[in-house]
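Remarks on the overall topology
In case you want the letters, here they are:
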Amino acid sequence: MEKKRVLITGGAGFLGSHLCDRFLAEGYHVIAMDNLVTGNLANIEHLFGKKDFEFYHHDVSKFVHVPGELDYILHFASPASPIDYLKIPIQTLKVGSLGTHNLLGLARAKKARIIIASTSEVYGDPDIHPQVEEYHGNVNPVGPRGCYDEAKRFQEAITMAYHNVHGVETRIVRIFNTYGPRMRLDDGRVLPAFLSQALKGEPLTVFGDGSQTRSFCYVDDLVDGIYRLLMSDYHLPVNIGNPAEITIKEFGEEIAKLAGVEFRPTYHPLPQNDPLKRRPDITKAKEILGWEPKVDRAEGLRRTLEYFQEAVTA
């Protein structure tokens, strides 16, 4: 029997590259696609030369053509860090709208099942806590983060439209803060910022007073949740993340201790519309997918630190 074929957009990115690893390990033929605006070939260079791996350097916002049959599509192409999407807001909006439209059209033509990478940012600065999938969010469409938040909200809407109108098999994963090897040092998000600063002996940059909370999921756990959702029969959005919540200040203290340095924060104003609380309700993931995170933060941070130590000294 021929191997099933899967297309992973954003395949050279942090999450996309780990998804390539997982699907190759599961016995699929993997086609990765990335325009390398925020992705990095170094994340997938270990896969080049494998007979079941292909790479297309391409922007999905323009059009998408993949010859032959496709069984699954994972749409993970998008800037995901504020430092990126604030720099390229139009491209961010285009990959969430035009790119998603192109890939849904491809899924329809190929009769493939598609999962789209949504985000906890669809909840904005939430009025309810923890966040459940039925919550519709508190988002500022004209604020600086609107380019990312609204791109993802539109992405969910057009995905549901293709499901309802054309009968496309669709899945929607709402991803909460994720970390692990292959994050960029200059990613701009709190974990790579704290780790790289600690390893360089620099003060840790804390926005606001550090009382805002986040929940961090190790990448292997997230990939497992995505895989289970894709293979499930559930087409509505599902939160995938780790519900263990921590304040940013406490997180900085953890990072400093792990890196063996003193916690020396420098405080800066909180960015506009930055969420004050973020924690997933994962009841649906537990009940529908039999999924919950297995890697605790101490272990996940230890593995990530090893990667960053090599990256800082490289």
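Our subject is the structure that appears above.
Quick caveat, the model's predicted, so the values are computed rather than measured.

Here isoleucine 282 is to be found in the loop between strand S13 (265-268) and helix H8 (283-289). Judged by its relative accessible area of 6%, isoleucine 282 is buried. Taking the C-alpha atoms as reference, isoleucine 282 lies 8.0 Å from asparagine 242; in sequence the two are 40 residues apart.

Okay, the nonpolar core next. Core analysis: the biggest nonpolar cluster contains 58 residues, and Phe23, Val30, Leu74, Phe76, Ile226 and Phe251 have the highest contact counts within it. Phenylalanine 251 has contacts with Val190, Leu191, Phe194, Phe216, Ile246, Arg297 and Leu301, leaving out every residue within four places of it along the chain. Within the second largest apolar cluster, 22 residues are counted, among which are Ile31, Ile116, Ile158 and Met160.

Along its 22 residues, helix H3 (residues 89-110) runs 30 Å from first to last C-alpha, staying within 8% of the 32 Å computed at 1.5 Å per residue. A bend of about 30 degrees at valine 95 is the largest found in H3. Three or more residues of H3 are buried, namely Thr92, Val95, Gly96, Gly99, Thr100, Leu103, Leu104, Leu106 and Ala107. Residues of H3 that are buried make contact with strand S1 (5-9), strand S4 (72-75), helix H2 (82-85), strand S5 (113-119), helix H4 (146-166) and strand S6 (170-175). Just past H3, the residue lysine 111 takes up positive phi, approximately 55 degrees.

Turning our eyes to something else, we now look at the sheet that holds S1. Within the open sheet, the seven strands sit side by side as S3-S2-S1-S4-S5-S6-S11. Their pairing is parallel. For this open sheet the edge positions go to strand S3 (53-57) and strand S11 (238-240), each flanked by a neighbour on one side alone. Direction aside, neighbouring strands of the sheet carry axes that sit 20 degrees apart on average. One ladder, built from four bridges, connects S4 with S5; its direction is parallel. When the bridges of S5 are listed, tyrosine 72 appears paired with arginine 113. Strand contacts of helix H1 (residues 14-25): S1, strand S2 (29-34), S3, S4 and S6, with the helix running at about 170 degrees to S1, the strand carrying the most contacts. Against the sheet, helix H6 (residues 219-230) makes contact with S4, S5, S6 and S11, and its axis sits at roughly 160 degrees relative to S6, the strand it touches most.

Rules of the game
Residues numbered from 1 in each chain as written. Predicted model: local features only at pLDDT ≥ 70, side-chain atom pairs only at ≥ 80, totals over all residues. Heavy atoms only, no water. Helix = DSSP H or I, 4+ residues; strand = E, 2+ residues; numbered from the N terminus. Buried < 20%, exposed > 50% of the residue type's maximum accessible area, 1.4 Å probe, protein only. Core = buried A, V, L, I, M, F, W, Y, C linked by side-chain atoms within 4.5 Å. Contact = heavy atoms within 4.5 Å. Expected span 1.5 Å × (residues − 1). Bend = angle between axes of the 7 residues up to and from the residue. Pairing = 2+ DSSP bridges. Axes fitted to C-alpha atoms, helices over the stretch in contact; angles between N-to-C directions.

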